[in-house]
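Chain by chain, the residues:
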Amino acid sequence: MKTKIFSLFFFLFFLCLTVNAQTTGKYVLVIHGGAGGMDEQMPDSLKQLYLTSLDEALEIGSLIMASGGSSIDAVEKVINYLEDNPLFNAGKGAVLTSEGKAEMDAAIMSGKDLSCGSVTGLKTIKNPISLARAVMEKSPHVFLAGLGAEKFAKEVGIKSVNPKYFIENNRYEKWIKERNEIKKKKKGTVGAVALDKYGNLAAATSTGGMSMKKPGRVGDAPIIGAGTYANNKTCAVSCTGWGEKFIKNTVAFNVSAMMEYKNMSLNDAANEMIHKRLNPNDGGLIAVDKDGNFTLQFNTQSMLRGFATSDGKREVKIWGK
Ligand code: ASP
């Protein structure tokens, strides 16, 4: 933990030295840690752990943007933290396939120039969102899958781990129980969207997908326009929920398209997708627009979520609206 704080400190220090572009002074960060599946009866100590983790993630991203860092750096670092946190269905806490293995997806997108990177079917990459960013910045491609993606990770020096790393504590027992119940879960996933002081939007989503999914299944998170999208003309969006439904409804892009083509507000566009096009219990999304308006909407009972803004608004929540 100490090394992490140290490296964040140095990252911020160098950021302060290098940043001198014109800024609006305004930033917004919105995050989610998955829609649905949170039992209101869970022990208070666990509730508190979730809330504290969301708050720490907000702290990481806000510090970056407050010191003049970019939205793309903020969303990547926020997701890295959530990927390393076993409470969430991404990286370390990824849920398992029907064969008991972690297979992870992630995507990142910059609203500035629509550049983006996606990865799917990862079995050994510690921080899938960083590999997605490398695809965006260091390859001529947008989307890499499976072994090819993992080979590319080696080429660009992205950390890989033994697949056992992802199977933490009781995840395996839970998987056996779920397999026996043939129960499909629609929860998990982490996402972040941000508007930085330069007016640039960014979105990032990382997930282990749906528990008990077939090996090789690809969800909405790494599909640009389905679970992740950012465009400086409109907004940045990250979705969570039943991926197949989000793919069929091209949810993230449609929020942006309704703003661009129909002049709808961010709030109305998100409401249209989550409450009119999708069905109850399908999931939710977080989004921020180019003017700093933001929204967190879901049609499930719960969505782990939070936001922090440069004018001091900050909140983390699990249930309620
Ligand atoms: N949307 C993710 C998927 O379908 C899962 C989730 O958000 O919980 O892979």
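In this text, all values refer to a predicted model and were calculated from it rather than measured experimentally.

**Student:** I'd like to hear about the packing of aromatic side chains, residue by residue, with values.
**Tutor:** For any two aromatic rings, the description comes down to two numbers: the centre-to-centre distance and the angle of the planes. For the coordinates displayed, the defined rule picks out 4 aromatic pairs. Consider the rings of Tyr165 and Phe166, whose centres lie 5.0 Å apart with planes at 85 degrees: the pair is edge-to-face. With relative accessibility at 23%, the residue Tyr165 sits in the partly exposed group. Judged by its relative accessible area of 0%, Phe166 falls in the buried class. An angle of 45 degrees between the planes, with centres 4.7 Å apart, marks the rings of Phe294 and Phe307 as tilted. Linking Phe294 in strand E10 (residues 294–298) with Phe307 in strand E11 (residues 303–309), this pair joins segments that are 13 residues apart in sequence. Taking relative accessible area as the criterion, Phe307 reaches 13% and is therefore assigned buried.

**Student:** Before we move on, could you go through the packing of helix H2 (residues 44–66) against helix H3 (residues 71–84) and cite the residues and values that matter?
**Tutor:** Remark: H2 packs on H3, axes separated minimally by 8 Å, with the N-to-C direction vectors making an angle of 155 degrees. Here H2 is positioned roughly antiparallel relative to H3, judged by the angle of their axes. The chirality of how H2 crosses H3 is right-handed. In this structure, H2 contributes Ser53, Glu56, Ala57, Ile60, Gly61, Ile64 and Met65 to the contact, and H3 contributes Ser71, Asp73, Ala74, Lys77, Val78, Tyr81 and Leu82. Per-class residue counts for the contact of H2 with H3 are 8 nonpolar, 3 polar and 3 charged.

**Student:** I'd like a rundown of the pattern of salt bridges, residues and numbers included.
**Tutor:** Scanning the model with the defined rule gives 15 salt bridges in all. As a salt-bridge pair, Arg133 and Asp73 come within 2.7 Å of each other at their nearest N and O atoms. Taken as a pair, Arg133 in helix H4 (residues 128–138) and Asp73 in helix H3 lie far apart in primary sequence, 60 residues in all. Overall, Asp73 belongs to the buried group, its relative accessible area being 13%. If you follow the salt bridges from partner to partner, you end up with Asp73, Glu76, Arg133 and Glu137 in one network.

**Student:** A description of the site of the ligand should follow, citing residues and the corresponding values.
**Tutor:** Looking at the ligand, there are 11 residues lining it, with Thr189, Arg217, Asp220, Thr240 and Gly241 nearest. Note that an oxygen atom of the ligand is positioned 2.8 Å from one of the side-chain N or O atoms of Thr240. In this structure, a nitrogen atom belonging to the ligand sits 2.7 Å away from a main-chain N or O atom of Gly241. Considering the ligand on its own, with 270 Å² of exposed area, one finds that the protein chains cover 100% of that surface. Looking at side-chain class alone, the shell around the ligand contains 1 nonpolar, 7 polar and 3 charged residues.

**Student:** Summarise the sheet that holds strand E8 (residues 235–241); cite the residues concerned and give the values.
**Tutor:** As summarised here, the arrangement of the 4 strands in space is E7-E8-E9-E10, forming an open sheet in which the pairing is antiparallel. The sheet is open, and its two edges are formed by strand E7 (228–230) and E10, each paired on a single side. Between one strand axis and the next, the sheet turns through 10 degrees on average, direction left out of account. Strand contacts of helix H8 (residues 251–262): E7, E8 and strand E9 (283–289), with the helix running at about 145 degrees to E8, the strand carrying the most contacts.

**Student:** Which residues make up the environment of Trp319, and what are the values?
**Tutor:** Mapped onto the fold, Trp319 is located in the segment after strand E12 (314–317). Judged by relative accessible area, Trp319 falls into the buried class, the value being 15%. Setting aside anything within four residues of it in sequence, one finds Trp319 in contact with Met38, Asp39, Glu40, Met42, Lys47, Gln301, Ser302 and Arg305. Reaching out from Trp319, the side chain makes a polar contact with the backbone oxygen of Met38 at a distance of 3.1 Å.

**Student:** Any chance you could break down the packing of H3 against H4 for me, citing the residues and the numbers?
**Tutor:** The interhelical angle for the contact between H3 and H4, taken along N-to-C directions, is 150 degrees, at an axis separation of 8 Å. With respect to their mutual orientation, H3 and H4 come out roughly antiparallel. Between H3 and H4, the residues in contact are Ile72, Asp73, Glu76, Ile79, Asn80 and Glu83 and Pro128, Ile129, Ser130, Arg133 and Met136, respectively. Residues of the contact of H3 with H4, tallied by class, amount to 5 nonpolar, 2 polar and 4 charged.

**Student:** Run through H3, naming residues and quoting values.
**Tutor:** Along its 14 residues, H3 runs 20 Å from first to last C-alpha, staying within 8% of the 20 Å computed at 1.5 Å per residue. Of all 14 residues in H3, 13 are buried, a share of seventy percent or more.

**Student:** Tell me about unusual backbone geometry, residues and numbers included.
**Tutor:** Although it is not a glycine, Leu114 sits at a positive phi angle of roughly 60 degrees. Look at Asn263: it is not a glycine, yet its phi comes out positive at around 60 degrees.

**Student:** An account of the sheet that holds strand E1 (residues 28–35) is requested, with residue identities and associated values reported.
**Tutor:** Ordered in space as E4-E3-E2-E6-E5-E1-E11-E12, the 8 strands form an open sheet in which the pairing is mixed. Each edge of the open sheet carries a strand with a single partner, namely strand E4 (143–145) and E12. Each neighbouring strand pair of the sheet contributes to a mean axis angle of 5 degrees, computed without reference to strand direction. Lying over the sheet, H2 contacts E1, strand E5 (190–195), E11 and E12, oriented at roughly 150 degrees with respect to E12.

What counts, and at which threshold
Residues numbered from 1 in each chain as written. Predicted model: local features only at pLDDT ≥ 70, side-chain atom pairs only at ≥ 80, totals over all residues. Heavy atoms only, no water. Phe/Tyr/Trp six-rings, centres within 6.5 Å; stacked < 30°, edge-to-face > 60°. Buried < 20%, exposed > 50% of the residue type's maximum accessible area, 1.4 Å probe, protein only. Helix = DSSP H or I, 4+ residues; strand = E, 2+ residues; numbered from the N terminus. Axes fitted to C-alpha atoms, helices over the stretch in contact; angles between N-to-C directions. Parallel < 35°, antiparallel > 145°, perpendicular 65-115°, else oblique. Left-handed = near helix turned anticlockwise from the far one by under 90°. Contact = heavy atoms within 4.5 Å. Nonpolar A, V, L, I, M, F, W, Y, C, P; charged D, E, K, R; others polar. Salt bridge = Lys/Arg side-chain N within 4 Å of Asp/Glu carboxyl O. Near = heavy atom within 4 Å. Polar contact = N/O pair within 3.5 Å; in protein donor to acceptor, adjacent residues only side chain to side chain. Areas by Shrake-Rupley, 256 points an atom, 1.4 Å probe, with all protein chains shown as cover. Pairing = 2+ DSSP bridges. Expected span 1.5 Å × (residues − 1).

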